[in-house]
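Here is how the chains run, residue by residue.
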Amino acid sequence: MAKQLPLQFVFRANQTFQDFFPGVNSAVVNHLQHCVDGSGETFIFLWGQAGLGKSHLLQACCHEAQKLGLASFYFDLHQAAESSAELLNGLEACELVCLDNVEAVAGLADWEVALFNFFNRHRDLGHRLIISSGVSPKALAIELPDLKTRLNWGLGLNIQTPDDEGRIAALVYKARRMGLEISPQAGRFLLNRADREMASLWRLLDSLDQASLSAKRKLTIPFLKQILDENPS
């Protein structure tokens, strides 16, 4: 009897390639797009520190696959401890599978075996797989030797941390996608006053969006200073 595919997860609407500022990671984005459309690698291992957009890019790949009429599936393996490894049964039928945070299953024997078996079935069908991690495939604490070998087969892409100019450009770009206008000068002001981690900057941008709507004011430097002074955290 054929295995039933797990329930499809809903992709976040704003996690598309159009909503991602590539900057120093333009080559990474190109490789992912070519993987999705079938003109590039069939297996990509995307790795790098938290907050740089790995989850965003995996979701973007699924959005793109859907546009192309391909069956796609995204799952954050941080949920593995609360989920059954049987979720992977039948998943090889999807033409694109994106598994986020693979380091979360390291040491979970049932998940490691299930992932190894899924990998083989999926690869035999010639389908595309994108896996993300906070560390390189060689640094993964995977205990199943054959699985660790498989995870080193793909094209490894290390997502890079942007410099200050790249952070400012990303802020300006992201703000415009949200319908906000932030000048490069205002972006630099924020960078000098706020946490420079990209994930923190995105959270700050959401707060600024709410403040701008509430006060019906543009995000000028004086207004930004007022907001940050009133909310120093």
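Residues numbered from 1 in each chain as written. Predicted model: local features only at pLDDT ≥ 70, side-chain atom pairs only at ≥ 80, totals over all residues. Heavy atoms only, no water.

Enquirer: Please provide a residue-by-residue account of the environment of His63, values included.
Expert: Relative to the helices and strands, His63 is located in helix α2 (residues 54-67). Linking His63 and Val36, residues 27 residues apart in sequence, is a C-alpha distance of 9.8 Å. (Helix = DSSP H or I, 4+ residues; strand = E, 2+ residues; numbered from the N terminus.)

Enquirer: Give a detailed account of the pattern of salt bridges, specifying residues and quantitative values.
Expert: Counted by the stated rule, this structure contains nine salt bridges. Between Arg121 and Glu92 there is a salt bridge, with its nearest N and O atoms 3.0 Å apart. One end of the pair, Arg121, is in helix α3 (residues 109-124); the other, Glu92, is in the loop between β2 (72-76) and β3 (96-100), with 29 residues separating them in the sequence. When its relative accessible area of 16% is taken as the criterion, Glu92 is described as buried. (Salt bridge = Lys/Arg side-chain N within 4 Å of Asp/Glu carboxyl O. Buried < 20%, exposed > 50% of the residue type's maximum accessible area, 1.4 Å probe, protein only.)

Enquirer: Explain the layout of surface pockets to me, using residue names and the numbers behind them.
Expert: The computed volume of the largest pocket comes to approximately 810 Å³. Lining the largest pocket are 34 residues, with Gln15, Gly53, His56, Lys174 and Trp202 positioned closest to its centre. Counting residues per element, the ones that place at least two in the lining of the largest pocket are α2, α5 (164-177) and α7 (198-215). For the lining of the largest pocket, the residue count by class is 14 nonpolar, 13 polar and seven charged. (1 Å grid on protein atoms, 1.4 Å probe; cavity = no way out; pocket = protein on both sides within 12 Å on 5 of 7 lines; lining within 4 Å. Points joined across faces, edges and corners; volume = space filled by probe spheres on them. Nonpolar A, V, L, I, M, F, W, Y, C, P; charged D, E, K, R; others polar.)

Enquirer: Explain the sheet that holds strand β5 (residues 155-158) to me, and be specific about the residues and the numbers.
Expert: Taken in spatial order, the five strands make up an open sheet running β2-β3-β4-β1-β5, and their pairing is parallel. The open sheet has two free edges, formed respectively by β2 and β5, since each of these has just one partner strand. Each adjacent strand pair in this sheet contributes to an overall mean axis angle of 15 degrees, direction not counted. As defined by bridge partners, strand β1 (residues 43-47) adjoins strand β4 (residues 128-133) across five bridges and the pair is classed as parallel. Counted as the bridge partner of Phe45 is Ile131 from β4. Docked against the sheet, α2 engages β1, β2, β3 and β4, running at close to 165 degrees with respect to β3. (Pairing = 2+ DSSP bridges. Axes fitted to C-alpha atoms, helices over the stretch in contact; angles between N-to-C directions. Contact = heavy atoms within 4.5 Å.)

Enquirer: Residues and numbers for helix α6 (residues 184-193), please.
Expert: Of the residues making up α6, those classed as buried are Ala186, Gly187, Phe189, Leu190 and Leu191. Considering only its buried residues, α6 is in contact with α5, α7 and α8 (221-230).

Enquirer: How would you sum up unusual backbone geometry? Please name residues and give values.
Expert: One non-glycine residue with positive phi stands out, namely Asn101, at about 60 degrees. Turning to its location among the elements, Asn101 is positioned in the loop between β3 and α3. One non-glycine residue, Lys216, lies in positive phi territory at about 55 degrees. Along the chain, Lys216 turns up in the loop between α7 and α8.

Enquirer: Tell me about the nonpolar core, and name the residues and values.
Expert: Among the nonpolar cores identified, the biggest contains 44 residues, and Leu32, Leu57 and Ile130 are the most heavily contacted of them. Sorting the residues of this core by element identifies α1 (26-37), β1, α2, β3, α5, α6, α7 and α8 as the ones contributing at least two each. Here the element with the most residues in this core is α2; it accounts for six residues. If sequence neighbours within four positions are ignored, Ile130 has contacts with Leu32, Cys35, Ile44, Leu58, Cys61, Leu96, Val97, Cys98 and Leu99. In this structure, Phe45, Ala114, Phe119 and Ile131 belong to the second largest nonpolar core, which totals 27 residues. (Core = buried A, V, L, I, M, F, W, Y, C linked by side-chain atoms within 4.5 Å.)

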